[in-house]
Amino acid sequence: MIKDLPVVPSAKAGSMAAAPAGAAWREQHPVIGTACNQCLECTLFCPEGALVQTGGNMTVMLSLCNGCGICAVECRLQAIAMVREYTGVSGVFPLREEKV
Ligand code: SF4
């Protein structure tokens, strides 16, 4: 199948950096749902090369993913959902009162 895709930077998984700094401050990560038809378009847009096809499935290499969410935006089937890394209470915590 030939697709009319834009020319974008892409890289073989793990070829741009051994340990991208983005993985350390990532706030969300992609989860690939069952709607994925493995068209591989997300692999063309991922700036880190974190999406790979292994064993007939799409896999997110979390050691490379920076959580940018580009793959979720570009997926035409909306098969990729971004999930927050931290699932606890959000917002600003109240300051503790000092005990005298
Ligand atoms: S969130 Fe960004 S870095 Fe992570 S897999 Fe998707 S496009 Fe790649």
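Residues numbered from 1 in each chain as written. Predicted model: local features only at pLDDT ≥ 70, side-chain atom pairs only at ≥ 80, totals over all residues.

## A short note on the overall build of the protein
- In terms of helices and strands, the protein carries 3 helices and 4 strands.
- Secondary structure elements of the protein, listed N to C terminal, follow the sequence α-β-α-β-β-α-β.
- Going through the 100 residues of the protein one by one, you find that 16% of them count as buried.
- Within the protein, counting contacts between residues at least 6 apart in sequence, those at least 24 apart form 75% of the total. (Helix = DSSP H or I, 4+ residues; strand = E, 2+ residues; numbered from the N terminus. Buried ≥ 20, exposed ≤ 12 C-beta atoms within 10 Å, placed from the backbone. Contact = placed C-beta atoms within 7 Å.)

## Here we look at the site of the ligand
- Of all residues adjacent to the ligand, which total 14 residues, the nearest are Cys46, Ala50, Cys65, Cys68 and Cys71.
- Of the residues that constitute the shell around the ligand, the class distribution is 10 nonpolar, 3 polar and 1 charged. (Near = placed C-beta within 6 Å. Nonpolar A, V, L, I, M, F, W, Y, C, P; charged D, E, K, R; others polar.)

## Here's the deal with the pairing of strand S2 (residues 51-54)
- Taken together, the 4 bridges between S2 and strand S3 (residues 57-60) define a ladder with antiparallel strand orientation. Looking across to S3, one finds that Val52 is bridged to Thr59.
- Where S2 folds back onto S3 in an antiparallel hairpin, the turn is made up of 2 residues, including Gly55, whose phi is positive at roughly 55 degrees. (Pairing = 2+ DSSP bridges.)

## Description of the nonpolar core
- Within the largest apolar cluster, 11 residues are counted, these being Cys42, Cys46, Ala50, Leu51, Met58, Leu64, Cys65, Cys71, Cys75, Ala79 and Ile80.
- Discounting chain neighbours no more than four positions away, the residues touching Cys42 are Leu51, Cys71, Glu74, Cys75 and Ile80. (Core = buried A, V, L, I, M, F, W, Y, C linked by C-beta atoms within 7 Å.)

## Details of the confidence of the model for the protein
- Per-residue confidence for the protein averages 82 on the pLDDT scale, and 69% of its residues sit at or above 70.
- By mean pLDDT, the top-scoring element of the protein is helix H3 (residues 70-74) (97), and the lowest-scoring one is helix H1 (residues 22-25) (74). (pLDDT = per-residue confidence, 0-100.)

## What about the environment of Thr34?
- Looking at the element boundaries, Thr34 is found in the loop between strand S1 (28-32) and helix H2 (41-45).
- Separated by 45 residues in sequence, Thr34 and Ala79 place their C-alpha atoms 6.8 Å apart.

## A look at the environment of Leu51
- Within the secondary structure layout, Leu51 lies in strand S2.
- Counting along the chain gives 10 residues from Leu51 to Met61, while the straight-line C-alpha distance between them is 6.3 Å.
- When residues no more than four places from it in sequence are discounted, the contact partners of Leu51 are Cys42, Thr43, Cys46, Met58, Val60 and Cys71.

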